[in-house]
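Observations on the three-dimensional arrangement
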Amino acid sequence: SAAPAARAETQRRRQAVAAARVQPTGVPPHFKQSHTKTHPQHGKVPAEIARSLKDSLELMGFVGWFDVDNLKVISKDALARGVSECATMIVLLNDETADSEWCRFEWETAAALKIPIKVVVDLERGNKQELLKRCLADFPALTSHQWLEYIERYPRDCMMETCALLPPPAGGAG
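What you see is a predicted model; the values in this text were computed from it and never measured. All residue numbers here refer to positions counted from 1 along the written sequence of the relevant chain. A pLDDT threshold of at least 70 governs which residues receive local features in this predicted model, and a stricter bar of 80 or more applies before side-chain atom pairs are shown or counted, although totals over entire chains, interfaces and linings include all residues. Values shown for side chains rest on all heavy atoms present in the structure; no hydrogens or waters enter the calculation.

Considering the nonpolar core
Core analysis: the biggest nonpolar cluster contains 17 residues, and Met89, Val91, Leu93, Trp107, Leu142 and Trp147 have the highest contact counts within it. Broken down by secondary-structure element, the contributors of at least two residues to this core are β3 (88-93), α5 (101-112), β4 (117-122) and α6 (128-138). Note on definitions: a residue-residue contact is assigned when non-hydrogen atoms from the two residues lie within 4.5 Å. Excluding anything up to four places from it in sequence, Met89 contacts Lys32, Ser34, Val83, Glu106, Trp107, Ala110, Ile115, Pro116, Ile117 and Lys118. Note on terminology: a nonpolar core comprises buried Ala, Val, Leu, Ile, Met, Phe, Trp, Tyr and Cys residues joined through side-chain atoms within 4.5 Å. Only protein chains enter the accessibility calculation, which uses a 1.4 Å probe. A residue is then buried if its area is under 20% of the maximum for its type, exposed if over 50%, and partly exposed in between. Counting 16 residues, the second-largest nonpolar core is a separate cluster that includes Phe62, Phe66, Cys158 and Cys163. Elements are defined by DSSP. Helices are runs of H or I of four residues or more, strands are runs of E of two residues or more, and each kind is numbered from the N terminus.

Let's talk about the layout of surface pockets
When its volume is computed, the second largest pocket comes out at roughly 150 Å³. The definitions used throughout rest on a 1 Å grid laid over the protein atoms alone, on which a cavity is an enclosed set of points accommodating a 1.4 Å probe that cannot get out and a pocket is an open set flanked by protein within 12 Å on both sides along at least five of seven lines; lining residues are those having an atom within 4 Å of a point. Along the walls of the second largest pocket sit 13 residues, with His35, Lys37, Ser100, Trp102 and Cys103 positioned nearest its centre. Only β1 (31-34) and α5 provide two or more residues apiece to the lining of the second largest pocket. Tallied by class, the residues present in the lining of the second largest pocket amount to 4 nonpolar, 5 polar and 4 charged. Grid points are joined across faces, edges and corners, and a volume is the space filled by probe spheres set on the points. Polar here means any residue outside two lists: the nonpolar Ala, Val, Leu, Ile, Met, Phe, Trp, Tyr, Cys and Pro, and the charged Asp, Glu, Lys and Arg; Gly therefore counts as polar.

Here's the deal with the sheet that holds strand β2 (residues 64-65)
Sheet architecture is open: 5 strands sit in the order β2-β1-β3-β4-β5, paired in parallel fashion. Each edge of the sheet is formed by a strand with only one pairing partner; in this case those strands are β2 and β5 (148-150). Axis lines are fitted through C-alpha atoms, for helices just across the contact stretch, and the angle between N-to-C directions can take any value from 0 to 180 degrees. Of the strands in this sheet, β1, β2, β3, β4 and β5 touch helix α2 (residues 45-59), which is tilted by about 170 degrees from β1. Criterion used throughout: strands pair if DSSP finds at least two bridges between them.

Regarding the pattern of salt bridges
Salt bridge, as used here, is a side-chain nitrogen of Lys or Arg placed within 4 Å of a carboxyl oxygen of Asp or Glu. Counted by the stated rule, this structure contains 7 salt bridges. Between Lys32 and Glu106 there is a salt bridge, with the nearest N and O atoms lying 2.7 Å from each other. Placement of the pair is Lys32 in strand β1 and Glu106 in helix α5, with a sequence separation of 74 residues. Taken individually, Lys32 and Glu106 each receive the classification buried, so the pair is uniform in this respect. One salt bridge in this structure joins Lys76 and Glu101, with 3.3 Å as the shortest N-O distance. In this pair, Lys76 sits in helix α4 (residues 76-85) while Glu101 sits in helix α5, placing the two residues 25 residues apart along the sequence.

Some details on the pairing of β4
For β4, the tally of buried residues reaches 6 of 6 residues, placing the bulk of the element in the interior. Residue alternation in β4 divides its side chains into two sets, Ile117, Val119 and Val121 and Lys118, Val120 and Asp122, and both sets are buried. Alignment of β3 against β4, held across 5 bridges, turns out to be parallel. If you follow Ile90 over to β4, its bridge partner there is Lys118. Whether a crossover is right-handed comes down to one check: with the strands pointing away from the viewer, does the path from the first strand over the helix to the second run clockwise; if it does, it is right-handed. Read as a crossover between parallel neighbours, the route from β3 over α5 to β4 is right-handed. Bridging between β4 and β5 involves 3 bridges; their strand directions are parallel. In the sheet register, Val121 faces β5, and the bridge partner there is Glu149. The parallel pair β4 and β5 is bridged by α6, and the resulting crossover is right-handed.

This is the structure we're talking about:
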């Protein structure tokens, strides 16, 4: 079956990204991602999108902070430390993200620390107008920058737009 080969290739790419990740001493990660791990209707798709976006950005020289990579135990103290170390927060927003206590905590922490929050709205798993209305009412820090749109058919477009929002990587590209 092709599935084991595809999983092996994905794992190989992740290991290559991890091996290539060189972060100069004293330089904060470019971004921390905030996302839900699972969705009641779409399973692990949100986490897979977040991982794919992170891996793509890291292949372009950006350094990301991803809780499942950076933490052995996830706690509010550890997440707050991770948020505080990053230059930008990227929120992968779908119709369930704002219901996550962990995500809300990350957003509140970033807002309190005045860390820019950039939203990538997953149009396949959320209605942008409804999400915007909810965020305007409950999470105004998520509305201070133009939202990017993620569509499965055009993931590269979203990734390139996200690059433009981040501080340049150490090599100067981006």
